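# An overview of the molecular structure
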Amino acid sequence: MKRTAGFYGRLLFVLLVCAFMLVPVLMSLLAGLTRNYFQGVVASGLTLGWLLQVWAAYADTVWLSLRLAVACAVGVVMIGVPAAYALVRMNNRFSRAFEELMVLPVAMPGLASALALLLTYGQYGAFRGSWLFILVGHVIFTLPFLVRPVMAVMQRQHLPVLEEAAASLGAGPLQRFFTVVVPNSRAGILAGVLMVVTLSLGEFNLTWMLHTPMTKTLPVGLADSYASARLEVASAYTVIFLLLIVPLLIALQAINHHLARGDRP
Amino acid sequence: MTGTAIRLEGCRKTFDNGTVALHSLDLHIHPGETLAILGPSGCGKTTTLRLIAGLEHPDSGRVLFGEQDVTALPIERRDVGMVFQNYALFPNLDVAGNIAYGLKIRGMPKAERTARCAELLALVGLQDHGRRAVHELSGGQRQRVALARALAPRPRVLLLDEPLAALDAQLRERLRSELDQLLRHLGITAVFVTHDQGEAMALGHRILVMEHGRAAQLASPQALYQQPANAFVAGFVGNLNVFPVLARSPCGVKVPGGDLPWSTADFPDTLYCRPEHVRIADGNGHLHGHLLAQFFQGAHSRLLVDVGGAQPLLVDCDEFGRHGIGDTLALSIAPRHLFCLQGRGTRSEVSP
């Protein structure tokens, strides 16, 4: 087949768009591995030194971020799965309004939500100073990202009939929830959890307002290093962040693909 | 598993939107009996089943299993087995997991559970399918798994909601006879809902025909067909020819298309007869009309004859193709096959 000029024109356009989005990421990765960015890669050569330096200085932010992400996922599952179930079951004007309300912290600037939290709970010193304060912010912010996919799966699975079947076999309400509702929503729960972990790891707005010097997360540390340290250090920090987040994104994509094909007939 | 009697006493059910689903239903189901609840959609048959199951609760009235009043018990404490219309198998469990679910909920030890599960797989002929995923099964296999799952915990009564409706015609026929054998073998009290009169006739010891939330008639399949309580039952169970009576005539009554031999003293508005009781006469018949259409149906053929009434007359006979469309046919009906239906629940017998 003979390709026309139009085809090559479109190809060029696509490649340009890709380059526009990817080159900054690659530049950042490269900067993190370059001995001296101002002399250039060729003149100064590559090194892992910056990565080690970042790890030495900021390892605790990485651990805090991971701990926050895991705790956030656990918290969101414990609140979000029963909430999604209740919303699916009710399915009336009130439940739809509540669903909209839940998305509010996502639509609102993170700074505003954080300010609201500070105004309400700021005076409880011990709580204010602990990482749990940031956790509350993350849970509020990420909740809809779990509730939405879980609701979508629940609505598709004919849960009311499955629950009636379980009840006819002797299962009480709690048994039905754990043996029928949860297992048959697991694809949605998994997708939601990965989304929540990803969002929690990268969250900056809220966290920046809520953190203390003792509770710095990875993105907050990243901002610090951009502001105060060498460009190579900040870039090496980005490399570490990408190492954490990219596998999660790939897993998320795989699960979404699985969901889109439809679980089971 | 021996049968438990089921009694509904004055059960009434109104839905939230104000629709009355059931008007004070009384029903007594014998131990070990298979009862079919038959009717068009919206007649209250599913509501009746769900009342027995405990998935709905009556506004007033009582539900009794044997001597026990179960009206207030939720379904999980009624000890019923239920087969749902689309089977509602748990997609997260395999076949054996589905069958063992009720046993596990009751806390049966694993070894016993496995043995009981194998017993039921054998009962429904799926010995080698225990580890299969539900979505790998055909419609007929799902139906059997649903049945095995419902029977596994040895329920007091078995309830089936349109158990064969989701299957294609041929499979439905086969599973119907399998289900029939199984129910007779187990001797369990079974109630099933259907809109298919053939299914109700084949499986039910007795049939409850329902109309607009009321019991229209409760009788054996034969009685229902031969002595329908009213025109609704007669029309729903089998086909029916309707003759509006125009006037008395010297040898009976005058109807569109001719005279019918009606010698009883009373004078009904309408007479009825079944399509298989109308004969094509060689000479003089009671009625005359033109052949409109004929359908070959295997063992017999159905002819549609225009006798000048509102509806063409249905005639079931084995004379396909002997007459051409538009031919004039003479039809006769033996007097004993004519009947009239007067109001709800009464039927006047016809003397020849």
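Per an unreviewed UniProt entry, chain B carries the name ABC transporter ATP-binding protein and comes from Pseudomonas typographi.

Naming follows an unreviewed UniProt entry, where chain A appears as ABC transporter permease subunit of Pseudomonas typographi. As recorded by UniProt, the Sequence similarities (unreviewed entry) comment attached to chain A reads in full: "Belongs to the binding-protein-dependent transport system permease family."

### Details of the layout of surface pockets
Residue and element names in this part refer to chain B. Empty space within the second largest pocket amounts to approximately 430 Å³. Along the walls of the second largest pocket sit 17 residues, with A96, G97, A100, K104 and R113 positioned nearest its centre. For the lining of the second largest pocket, the secondary structure elements donating two or more residues are α2 (95–105) and α3 (110–123). Of the residues contributing to the lining of the second largest pocket, the split by class is nine nonpolar, four polar and four charged.

### Let's talk about the UniProt feature "domain: ABC transporter" (unreviewed entry) in chain B
Here the UniProt-annotated "domain: ABC transporter" (unreviewed entry) positions come out as residues 6–237 of chain B. A distance of 25 Å separates the end C-alpha atoms of residues 6–237 of chain B, which is 36% helix and 25% strand.

### Topic: the sheet that holds strand β6 (residues 80–83) of chain B
Residues and elements named next belong to chain B. In spatial order, the strands read β6-β7-β8-β3-β9-β10; together these six strands make up an open sheet with mixed pairing. Each having just a single partner strand, β6 and β10 (214–219) make up the two edges of the open sheet. The sheet shows a mean angle of 20 degrees between the axes of neighbouring strands, direction not considered. In the sheet, strand β3 (residues 34–38) pairs with strand β9 (residues 206–211) via four bridges, with the strands oriented parallel. Bridge pairing in β9 links L35 to R206.

### Some points on the sheet that holds strand β5 (residues 68–69) of chain B
The strands making up a sheet are joined through hydrogen bonds of the backbone, oriented either antiparallel or parallel. All names here are of chain B. The strand order across the open sheet formed by four strands is β2-β1-β4-β5, and the pairing between neighbours is antiparallel. Edge strands, defined here as strands with exactly one partner in the open sheet, are β2 (20–29) and β5. Across five bridges, the pairing between strand β1 (residues 6–14) and strand β4 (residues 60–65) is antiparallel. Bridge pairing in β4 places I6 opposite F65. Lying on the sheet, helix α1 (residues 45–53) is in contact with β1, β2 and β4; it crosses β2 at an angle near 60 degrees.

### A short note on the pattern of salt bridges
It is possible for side chains bearing opposite charge to pair when their charged atoms get close. Enumeration over the complete set of coordinates arrives at 20 salt bridges over all chains. Note that E76 of chain B is salt-bridged to R176 of chain A, the shortest N-O span being 3.4 Å. With E76 of chain B in the loop between β5 and β6 and R176 of chain A in helix α10 (residues 173–181), this pair bridges two chains. Residue classification places E76 of chain B among the buried positions, given a relative accessible area of 16%. On the basis of relative accessible area, R176 of chain A is assigned to the buried category, the value being 14%. Between R144 of chain B and E178 of chain B there is a salt bridge; the shortest N-O distance is 3.4 Å. You can see R144 of chain B sitting in helix α4 (residues 139–151) and its partner E178 of chain B sitting in helix α5 (residues 169–186), a full 34 residues away along the chain. Accessibility expressed as a relative area gives 14% for R144 of chain B, which makes it buried. For E178 of chain B, a relative accessible area of 34% puts it in the partly exposed group. Here the salt bridges share partners, and the residues they tie into one network are R89, E163 and R176 of chain A together with E76 of chain B.

### Overview of the pairing of strand β11 (residues 241–244) of chain B
Residue and element names in this part refer to chain B. Of the two faces of β11, only one is covered, namely that formed by N241 and F243; the face formed by V242 and P244 stays uncovered. Pairing geometry for β11 and strand β15 (residues 270–273), over four bridges, is antiparallel. Following the sheet pairing, V242 is matched in β15 by Y272.

### Some details on α3 of chain B
Residues and elements named next belong to chain B. Between its terminal C-alpha atoms α3 stretches 20 Å, which fits the 20 Å expected from 14 residues at 1.5 Å a residue. Every buried residue belonging to α3 is among R113, R116, C117, L120 and L121, and all of these are buried. The arc enclosing the buried residues of α3, seen along the axis, measures out at 140 degrees, which places them on a common side.

Cut-offs applied
- Residues numbered from 1 in each chain as written.
- Chains lettered and ligands numbered in written order.
- Predicted model: local features only at pLDDT ≥ 70, side-chain atom pairs only at ≥ 80, totals over all residues.
- Heavy atoms only, no water.
- UniProt positions renumbered as here; feature names shortened; annotations may be inferred.
- 1 Å grid on protein atoms, 1.4 Å probe; cavity = no way out; pocket = protein on both sides within 12 Å on 5 of 7 lines; lining within 4 Å.
- Points joined across faces, edges and corners; volume = space filled by probe spheres on them.
- Helix = DSSP H or I, 4+ residues; strand = E, 2+ residues; numbered from the N terminus.
- Nonpolar A, V, L, I, M, F, W, Y, C, P; charged D, E, K, R; others polar.
- Pairing = 2+ DSSP bridges.
- Axes fitted to C-alpha atoms, helices over the stretch in contact; angles between N-to-C directions.
- Contact = heavy atoms within 4.5 Å.
- Salt bridge = Lys/Arg side-chain N within 4 Å of Asp/Glu carboxyl O.
- Buried < 20%, exposed > 50% of the residue type's maximum accessible area, 1.4 Å probe, protein only.
- Expected span 1.5 Å × (residues − 1).
- Arc of directions from axis to C-beta.

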